[in-house]
Amino acid sequence: KKRQPLFIDEADRLQIARIEDLLDIHEATGVPVVLIGEEGIFGLLSERRRIWSRVAHEVEFGPISPAEVALYAMQAAGLEVPLTLAKEIAQKTEGDFRLVRNAMILLEKSAKASGSFAVDRQMLDAALSAHSWRRK
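All of these numbers come straight from a predicted model, not from anything done at the bench.

Right, let's talk about the packing of aromatic side chains for a bit. For the structure shown, the criterion picks out two aromatic pairs. With a centroid separation of 6.3 Å and an interplanar angle of 80°, the aromatic rings of Phe42 and Trp52 are classed as edge-to-face. Here Trp52 lies in helix H3 (residues 49-52) and Phe42 lies in helix H2 (residues 40-46), a separation of 10 residues in the sequence. With a centroid separation of 4.9 Å and 70° between ring planes, the pair formed by Tyr72 and Phe97 is classed as edge-to-face. A residue pair is termed long-range when its members are at least 10 positions apart, and Tyr72 in helix H4 (residues 66-77) and Phe97 in helix H6 (residues 97-114) qualify at 25 residues. By relative accessible area, which is 41% here, Phe97 ends up partly exposed.

Contact pair H4 / H6: the axes reach a minimum separation of 10 Å and the direction vectors enclose 50°. With respect to each other, H4 and H6 are oriented oblique. H4 and H6 meet at a crossing whose hand is right-handed. Seen from H4, the contacting residues are Val69, Tyr72, Ala73 and Ala77; seen from H6, they are Phe97, Val100, Arg101, Met104 and Glu108. Among the residues forming the contact of H4 with H6, the class breakdown is seven nonpolar, no polar and two charged.

Per the counting criterion, the structure on display carries eight salt bridges. Where Glu27 meets Arg54, a salt bridge forms, and the shortest distance between an N and an O atom there is 3.1 Å. With Glu27 in helix H1 (residues 16-29) and Arg54 in the loop between H3 and H4, the pair connects residues that are 27 residues apart, well separated along the chain. The partly exposed category is assigned to Arg54, whose relative accessible area is 42%.

Here Glu20 shows up in helix H1. In this structure Glu20 comes out as buried when scored by relative accessible area, which is 11%. Reaching out from Glu20, the side chain makes a polar contact with the side chain of Arg50 at a distance of 2.8 Å. Not counting residues within four places of it along the chain, the set of residues in contact with Glu20 comprises Arg48, Arg50 and Ile51.

The residue Gly37 is located in the loop between strand E2 (33-35) and H2 in this model. Sequence spacing of Gly37 and Ile19 is 18 residues, and the spatial spacing of their C-alpha atoms is 13 Å. Setting aside residues no more than four positions away along its own chain, Gly37 makes contact with Ala11 and Asp12.

Within the element layout of this structure, Thr93 appears in the loop between helix H5 (83-92) and H6. Among the polar contacts listed, one links the side chain of Thr93 to the backbone oxygen of Ala90, at a separation of 3.4 Å.

Here the focus is the nonpolar core. Membership of the largest hydrophobic core comes to 23 residues, with the highest contact counts inside it found for Val69, Leu79, Val81, Ile89, Met104, Leu107 and Val119. The set of elements that each furnish at least two residues to this core consists of H4, H5, H6 and helix H7 (121-129). Counting residues per element, this core draws most heavily on H6, at six residues. With residues up to four places along the chain from it excluded, the contact list for Ile89 reads Val69, Val81, Val100, Ala103, Met104, Leu107 and Leu124. Core analysis: the second largest hydrophobic core is formed by 10 residues, Ala11, Leu23, Ile41 and Leu45 among them.

Calculation criteria
Residues numbered from 1 in each chain as written. Predicted model: local features only at pLDDT ≥ 70, side-chain atom pairs only at ≥ 80, totals over all residues. Heavy atoms only, no water. Phe/Tyr/Trp six-rings, centres within 6.5 Å; stacked < 30°, edge-to-face > 60°. Helix = DSSP H or I, 4+ residues; strand = E, 2+ residues; numbered from the N terminus. Buried < 20%, exposed > 50% of the residue type's maximum accessible area, 1.4 Å probe, protein only. Axes fitted to C-alpha atoms, helices over the stretch in contact; angles between N-to-C directions. Parallel < 35°, antiparallel > 145°, perpendicular 65-115°, else oblique. Left-handed = near helix turned anticlockwise from the far one by under 90°. Contact = heavy atoms within 4.5 Å. Nonpolar A, V, L, I, M, F, W, Y, C, P; charged D, E, K, R; others polar. Salt bridge = Lys/Arg side-chain N within 4 Å of Asp/Glu carboxyl O. Polar contact = N/O pair within 3.5 Å; in protein donor to acceptor, adjacent residues only side chain to side chain. Core = buried A, V, L, I, M, F, W, Y, C linked by side-chain atoms within 4.5 Å.

As structure tokens, then:
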């Protein structure tokens, strides 16, 4: 009676047979199934027309913007990141949210150690030098 959505993270890693199982669960219960995955999920779902035809909504996320970096820093860690530094974080991480999260963890540790939650150049340089960020 109380249908809660079923969220499946890393769904792009599932075999097509597991996707079929989720379709069966949806048909039997009426529970909405939300698949969360990376780019490969579209190819996986389109392998079977009867699965792809049941996709009701697609939401694709692009790189995180500098404004989103600053907002995330404030909401997740109480950090005040000036937009110029948020822009640098977005560029260094190529807008990859996981890497932005990692940067915020380092910045939060630095902020706690210094007693200031206003991120400055020195804090950012220290955080950015602590990680390789992207392998080329």
